[in-house]
Amino acid sequence: ELPAHFHAHRADDIATAVRIAKEFDLRYVIIHGTEAHLIADLLAEDGVQVVTGPIFGDRSKPELSNQRLDNTAILKRAGVLTAICTDHPENPEQYLPMAAALCAKNGVDPEEAMAAVTRDAARIAGIADRVGTLEVGKDADIAVFRGSPLELNASVEAVFIDGRRVK
């Protein structure tokens, strides 16, 4: 019932995951996709969904040697449905807006960077009918920021959970 998650960094591992998913007729998502930019057109052609991240970190293992800050931008330009993650607990989840900001700084339209952590993440998770956008009838936990949430100095002015203001 749930999509398989293939944690893959290298392009050849991503291609292997796609082949396995096709062979066994699996719904699936590529998690990390560090080298997905190398095969972006192929991923778009196959309708592959990718959750990129963590966007910041060092190249601490060989699989990360081709890590690029514009990976998400390249995937989005190719037409790949892409979300962004921090790979919590590798990088704590509170750094998700910073990850989106780094993607925006490196070629992703700022509105698309926000969509990558809201709408597109919900679509990939299969829960877009309930969350991810502000629409009547959907669950909505909302944070209101002073400034853009993609700015480091943005501050949270109000938080609403289940329709009630909690901050």
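This text follows the structure it describes.
The rules behind each value
- Residues numbered from 1 in each chain as written.
- Predicted model: local features only at pLDDT ≥ 70, side-chain atom pairs only at ≥ 80, totals over all residues.
- Heavy atoms only, no water.
- Helix = DSSP H or I, 4+ residues; strand = E, 2+ residues; numbered from the N terminus.
- Rg over C-alpha atoms; globule rule 2.2 N^0.38 Å.
- Buried < 20%, exposed > 50% of the residue type's maximum accessible area, 1.4 Å probe, protein only.
- Contact = heavy atoms within 4.5 Å.
- Areas by Shrake-Rupley, 256 points an atom, 1.4 Å probe, with all protein chains shown as cover.
- Lys, Arg positive; Asp, Glu negative; His and termini not counted.
- Charge placed at Lys NZ, Arg CZ, Asp CG, Glu CD.
- Pairing = 2+ DSSP bridges.
- Axes fitted to C-alpha atoms, helices over the stretch in contact; angles between N-to-C directions.

Participant: Would you mind going over the overall build of the protein in detail, with residue names and values included?
Facilitator: Helices and strands together make up the secondary structure of the protein, namely 6 helices and 7 strands. Against the 2.2 N^0.38 benchmark of 15 Å for 167 residues, the protein shows a C-alpha radius of gyration of 16 Å, consistent with a compact globule. Referenced to the eigenvectors of the C-alpha coordinate spread, the extents of the protein come out at roughly 45 × 35 × 30 Å. Looking at the 167 residues of the protein, the share that counts as buried comes to 36%. Expressed as a percentage of contacts within the protein between residues at least 6 apart in sequence, the contacts between residues at least 24 apart total 53%. Within the structure as shown, the protein displays about 9900 Å² of accessible surface, and the carbon and sulfur contribution to it stands at 52%. Considering the protein, the positive charge centre built from 18 side chains and the negative charge centre built from 26 side chains are found 4 Å apart.

Participant: I'd love a proper account of helix H4 (residues 96–105), names of residues and values included.
Facilitator: Taken as a whole, H4 has its buried residues at Ala99, Ala100, Ala101 and Cys103. For H4, the elements touching its buried residues are helix H3 (71–78), strand E4 (82–84) and helix H5 (110–116). After H4 finishes, the residue Gly107 shows a positive phi value of roughly 110°.

Participant: Break down the sheet that holds strand E3 (residues 50–52) for me, citing the residues and quoting the values.
Facilitator: An order of E1-E2-E3-E4 is seen for the 4 strands of this open sheet, with the pairing classed as parallel. Of all strands in the sheet, those with a lone pairing partner are strand E1 (4–8) and E4, marking the two edges. The average angle at which neighbouring strand axes cross in this sheet is 25°, direction not considered. Pairing of E3 with E4, which is carried by 3 bridges, proceeds in the parallel orientation. If you follow Val50 over to E4, its bridge partner there is Thr82. On top of the sheet, helix H1 (residues 11–23) reaches E1 and strand E2 (28–32); it is set at about 160° to E1, its chief contact.

Participant: I'd like to hear about the environment of Ala4, residue by residue, with values.
Facilitator: Topologically, Ala4 is positioned in strand E1. The exposure class of Ala4 is partly exposed, given its relative accessible area of 24%. When residues no more than four places from it in sequence are discounted, the contact partners of Ala4 are Leu26, Arg27, Tyr28 and Val29.

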